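Spelled out from the first residue to the last, the chains are:
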Amino acid sequence: MNLVERAKAILLQPKSEWKVIDGESGDPGFLFPNYVMILAAIPPVCTFIGTAFIGFGPIRVGIGSGLWHAILSYVLALAGVYVMAYVIDFLAGTFGGQRNLASAMKVSAYAPTAGWLAGVFGLVPMLSILSLLGLYSIYLLHTGIAELMKPPANKAVVYTIAVIVVMIVIWLVVGGAIIFALSGGFMR
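This is a predicted model, so every value here is computed, not measured.

## A short note on the overall build of the protein
- Summing up its helical and strand segments, the protein has 9 helices and 0 strands in all.
- Scanning the protein from its N terminus toward the C terminus, one meets helices and strands in the order α-α-α-α-α-α-α-α-α.
- Relative to the globule expectation of 16 Å for 188 residues, the C-alpha radius of gyration of the protein, 18 Å, shows essentially globular dimensions.
- A principal-axis box enclosing the C-alpha atoms of the protein has dimensions of 50 × 40 × 30 Å.
- Classification of the 188 residues of the protein by burial places 37% in the buried group.
- Considering only residue pairs separated by 6 or more positions, the protein has 72% of its internal contacts joining residues 24 or more positions apart.
- When the accessible surface of the protein is totalled, it reaches about 10000 Å², and 75% of it is carbon and sulfur.
- Computed over 10 positive and 7 negative side-chain charges, the inter-centroid distance for the protein is 10 Å.

Below, the structure written as structure tokens:
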């Protein structure tokens, strides 16, 4: 798999590319170092550079706090791919799909491509609003679920929405716990 060609194909021809992906391995030992770890680094690295060195006019984030945020964002993005794979797999049976963790891992690994690539806009904080183009990843998630998890056509949209809602809830809980812990928690 060529990383650039895969990213281009998943963005421009997702339905046909998911068919190709369906025949490949869903091994995290392959997907993570060859795709996920590389693309997931784009938003935190670009945001770090943009906020610590370029900034909003004279306003910049300190290098230490910017680096801390970048590392935390990267680690959470990698963990999020694993968690999303398990959520996709777990919900498959509920929506008439085929439970298959390897397929769920492939959906989870490739669906965020648009969001990760849109993270490049973090280099210029004034353009970071363009990161909204990464919402195309929702469509990639839907087409990936439909092709790889094989739910009935009338349940694929609801299945996708359920995955998104569960991931938002998990994100809020984890984010809240991190903020709580970093703010001193019960130690005040």
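## Concerning the packing of aromatic side chains
- One pass over the full model with this rule turns up 6 aromatic pairs.
- Between F48 and F53, the ring centres sit 5.6 Å apart and the planes meet at 85 degrees, which makes this aromatic pair edge-to-face.
- Judged by its relative accessible area of 15%, F48 is buried.
- In this structure F53 comes out as partly exposed when scored by relative accessible area, which is 44%.
- Ring centres of F95 and Y159 lie 5.4 Å apart, and the angle between their planes is 10 degrees; this geometry places the pair in the stacked category. On the criterion of sequence distance, the pair formed by F95 in the loop between α5 (63–92) and α6 (101–110) and Y159 in helix α9 (residues 156–182) is long-range, its members being 64 residues apart.

## Section: unusual backbone geometry
- You will see that K150, though not glycine, has its phi angle at about 55 degrees, which is positive.
- By the element assignment, K150 lies in the loop between α8 (136–149) and α9.
- By relative accessible area, K150 is classed as partly exposed at 35%.

## Brief notes about the side chain of S137
- Here S137 is to be found in helix α8.
- Excluding residues that lie within four positions of it along the chain, S137 makes contacts with A111, P112, T113, A114 and G115.

## Section: the packing of helix α2 (residues 14–22) against α8
- The geometry of α2 relative to α8 is characterised by a closest axis approach of 9 Å and an angle of 50 degrees between their N-to-C directions. Classified by the angle between their axes, α2 and α8 sit oblique to one another. α8 is crossed by α2, and the crossing has right-handed handedness. Judged by residue contacts, P14, K15, W18, K19, I21 and D22 of α2 engage Y136, Y139, L140, T143, G144, E147 and L148 from α8.
- Of the residues belonging to the contact of α2 with α8, the class tally is 7 nonpolar, 2 polar and 4 charged.

Cut-offs and rules
- Throughout this document, residue positions are counted from 1 along each chain, in the order its sequence is written.
- Under the rules for a predicted model, residues below a pLDDT of 70 receive no local features and side-chain atom pairs below 80 are neither given nor counted, while totals for whole chains, interfaces and linings still include all residues.
- To get the side-chain values, all heavy atoms of the structure are used, and hydrogens and water are removed first.
- Strands here are runs of E lasting at least two residues and helices are runs of H or I lasting at least four, both read from the DSSP assignment and numbered beginning at the N terminus.
- When we talk radius of gyration, it's over C-alpha atoms, and the globule rule is simply 2.2 Å times the number of residues to the 0.38.
- To sort residues, take the accessible area from a 1.4 Å probe on protein chains only and compare it with the maximum for the residue type: under 20% means buried, over 50% means exposed, and anything in between is partly exposed.
- Any two residues having at least one pair of non-hydrogen atoms within 4.5 Å are treated as being in contact.
- Values of accessible area rely on a 1.4 Å probe in the Shrake-Rupley scheme; residue burial ignores everything except the protein chains shown.
- The positive count covers Lys and Arg only, the negative count covers Asp and Glu only, and His and the chain ends enter neither.
- Every charge is mapped to an atom, namely NZ of Lys, CZ of Arg, CG of Asp or CD of Glu.
- A pair of Phe, Tyr and Trp rings is counted when the ring centres sit within 6.5 Å of each other, with Trp represented by its six-membered ring. The angle between the planes then sorts it: under 30 degrees is stacked, over 60 is edge-to-face, the rest tilted.
- Angles run from 0 to 180 degrees between N-to-C directions of axes, and those axes are lines fitted to C-alpha atoms, restricted for helices to the stretch in contact.
- By the definition adopted for this analysis, an angle is roughly parallel if under 35 degrees, roughly antiparallel if over 145, roughly perpendicular if from 65 to 115, and oblique otherwise.
- The sense of a crossing depends on the near helix, which, turned anticlockwise from the far helix by less than a right angle, makes the crossing left-handed and, turned clockwise, makes it right-handed.
- The residue classification treats Ala, Val, Leu, Ile, Met, Phe, Trp, Tyr, Cys and Pro as nonpolar and Asp, Glu, Lys and Arg as charged. All others, Gly included, are polar.

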